[in-house]
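Results of the structural survey
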Amino acid sequence: MNSVAGSFHCTPVHRILTYVSAESITERRFYDILLLGGIFIMLVWPWIFFGVVFALGGIQAGNHFASVVTKSPHTVNFFVTLIGNVITLIVDILFSFSILRFAQEWISDNKGITIFHVSLISALRRHKWPWGIQDFKHLFVRSRWLLATLVGACIVCFTFVPSSVTSLISPVTFKRTTSLSGTEIDFSSNSSDCINWLTNDQIPDECDWRTYGGLNYTTCLGENQIVDVLEAGRGNILSSLPNNNQSLSFSQLSNSGLHFLGPIGGILPIGPNGVPAFDTLNSSVFSVPSQRAAMMSYNYTLEHQGLSSNITCIYDSETPIKIGQVDGAGLYVYQYNGTCDPDSMEDIFGPNQSFVSPNSNNTLSSWTCKSKQNDGEQPSYYIYIHGSKGYGPAVGNITCTVSPIQAAIFNVTYQSVPNIFVLEGRISTSPITFPAFLERIMKAFCVLVLEVQNWESNLVAESVITLGVKSFNLPLDVASDQYLQLYQAMIQGILEYEATYSRLIYSAFQGRPPSCNRTVNGVASFEVVGWSVDIRHVGFLMPMTLVNLAALIVLIIAIVMSKTVAKRFDPTDIRPLLVAYIPKAHGPDDWEHIVTYDDTVRYDFISFYIMLITIHNDYHDTDS
């Protein structure tokens, strides 16, 4: 035997290494099938997992696991990385065995195996660059550069395999969406049954406490709702400020309160975070406590019916409000009423109606008239405001026209993280077919102005003046167009809240016919912990797929090339290389040395150990 050492006298090695017969074709086929099955599994399981998760829009993890991911992200990352490394190791072993099988068959059929080929096989098996800088000039000759590029591609692909696995199996927070639907009362219904029911079940004049679905509420639009009503007006003014982030809290609409950012819009929210007593939402993910508990955060948008109005205010030189004394009350109180133009208007309060108010140094009075209604036309409403004494310079006489005032459908979004409702846009409008609904909220505004009048001031006027001075830098006690805009927003916000509370009262009435209901559609999006993929993962999976696909192709080629008799050995192992025959090179460099393996030798550990001892002894015998 000749080796690279060349000068060693290694004849005893052949006496020590034992000869064995070739393994049977059955054993080899069994080994190939096992290897082929392992590679196929590694090739397809990532894509099956990807396909299932992609088709389902994500797989939600259980509540306990989601809690672990949220509370112990570093621990989860540790085990995910560990699993990724284990899978990478399996892919590495299968790829290495495939290259080995191919090399065994290729070497058995090829007598021109060079040292370069051996280094190439070793590089592919271990995906390490075997050549140094001094070898570069020999790599860029003939077809070697292409094979060297193949080794580089193999190294690059294996570098990305752990990332491919971890990106696929790492639990993440992702969004899911689902449709929602429910019902609410419809004030624009044209059904006679609905209109008759609304007419017969009008809100009583007396203010009384009632309970519906665990919610305590009053049957009037004032008194207990004063704080919420003023909050709605102030909130509507603040919504005109750029980058407004001040939310409003309405405690009378729900036992736990409702929070709005911006105007309330006359809507009464249903849904999981709306008014629980009137939650008519159909069965959904929010109906299952375990699914709702697994949500990290959620938003939902419903198409609610509310109130749309256009209000314009002007300063007027005259007012229909008449102020007089109360007999026997002295100067402590005064009474007022209004006179509507009989030619073009109607009085919504009825005859002989007047209000008695404290006679303070800052008083505000209000009255409302309605335009006469022609067939097919929606009425306009006129709100008159009169400020006297201290409010004379700042308020004076204001006339506000409310037209048109209609039912409107709004996109209303609830955001769980700040716990607020937001009106995001008006979808459509339609006439309100129940006039008493509008007249009641118009009356409620005038009653509110009366109820918030105290011995020092009026809270409606003070709200406008305070916001004008502090938030809009307007001058005090000076009438201006900017103040008119604030009164417009204040009145609009108050009317919208009165519409919301009227909706609450009517929704509590029993026996509502189906024709008085409208369908509320919407969509919910929520964040959960689990597994999610998108189209980018196709690129993430390509390195692992290319490695497994290459291993599969190489193994299939090896199976096709295999003979009925074959030897199982590693051509890059030092043991067969030590007994290989390597004659003088036939090429321009050392990489062209031909390597001829002795395939009759058994390469086990004991034989290899004895071989090394024999070589060592022969070397010393030669020296002596």
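What counts as what
Residues numbered from 1 in each chain as written. Predicted model: local features only at pLDDT ≥ 70, side-chain atom pairs only at ≥ 80, totals over all residues. Heavy atoms only, no water. Helix = DSSP H or I, 4+ residues; strand = E, 2+ residues; numbered from the N terminus. Contact = heavy atoms within 4.5 Å. pLDDT = per-residue confidence, 0-100. Disulfide = S-S within 2.5 Å. Buried < 20%, exposed > 50% of the residue type's maximum accessible area, 1.4 Å probe, protein only. Pairing = 2+ DSSP bridges. Patch = residues over 30% accessible without salt bridge, like charges linked within 9 Å, V, L, I, M, F, W, Y side chains within 5 Å. Areas by Shrake-Rupley, 256 points an atom, 1.4 Å probe, with all protein chains shown as cover. Salt bridge = Lys/Arg side-chain N within 4 Å of Asp/Glu carboxyl O.

Residue position: Arg-518 is located in strand E16 (residues 517–531). Dropping the residues within four chain positions of it, Arg-518 is found in contact with Gly-182, Thr-183, Glu-184, Ile-185, Asp-186, Glu-303, His-304, Gln-305 and Ile-409.

The next subject is the confidence of the model for the protein. A low pLDDT score tells you not to read the predicted coordinates there in detail. Mean pLDDT for the protein: 83, with 83% of residues reaching 70 or above. Overall, residues 1–22 carries pLDDT values under 50, and its contacts beyond four positions in sequence, including any with other chains, amount to 43 contacts.

The tally for this structure, following the rule as stated, stands at four disulfides. Between the sulfur atoms of Cys-194 and its disulfide partner Cys-516 the distance amounts to 1.8 Å. Handedness here is read from the sign of the S-S torsion; for Cys-194 and Cys-516, about 100°, the answer is right-handed. Taken together, the residues span a long stretch of sequence, with Cys-194 in helix H8 (residues 192–200) and Cys-516 in the loop between helix H13 (481–507) and E16 at a distance of 322 residues. Taken individually, Cys-194 and Cys-516 each receive the classification buried, so the pair is uniform in this respect. Sulfur-sulfur distance for the disulfide between Cys-207 and Cys-220 comes to 1.8 Å. Of the two residues, Cys-207 sits in the loop between H8 and strand E3 (209–212) while Cys-220 sits in the loop between strand E4 (215–218) and helix H9 (226–238), which places them 13 residues apart along the sequence. When its relative accessible area of 12% is taken as the criterion, Cys-220 is described as buried. By sequence order of its bonded cysteines, the protein has the disulfide arrangement 1-8, 2-3, 4-7, 5-6. For the unlinked cysteine Cys-154, the closest cysteine sulfur is that of Cys-157, found at 7.1 Å. Since its relative accessible area comes to 8%, Cys-154 is described here as buried.

Along a regular strand, successive side chains alternate from one face of the sheet to the other. When you tally the buried positions in strand E14 (residues 397–415), you get 14 out of 19 residues, the bulk of the element. Both strand E7 (residues 297–315) and E14 contribute to a ladder of 16 bridges, which runs antiparallel. When the sheet's bridge partners are listed, Ile-311 is paired in E14 with Val-402. Sheet analysis places strand E13 (residues 381–389) next to E14, joined by six bridges and oriented antiparallel. Bridge assignment links His-386 to a residue of E14, and that residue is Asn-397. Note that E14 and strand E15 (residues 420–430) share nine bridges and pair antiparallel. Among the inter-strand pairings, Ala-408 is bridged to a residue of E15, identified as Thr-429. Between E14 and E15, which follow one another and run antiparallel, lie four residues, and Asn-419 among them has a positive phi close to 60°.

With that settled, consider a nonpolar patch on the surface. Together, Phe-78, Phe-79, Leu-82, Val-86 and Ile-90 give the surface a local cluster of nonpolar side chains, amounting to about 460 Å² of exposed area. Among the structural elements, Phe-78 can be located in helix H4 (residues 73–109). Residue Phe-78 is classed as exposed on the basis of its relative accessible area of 52%.

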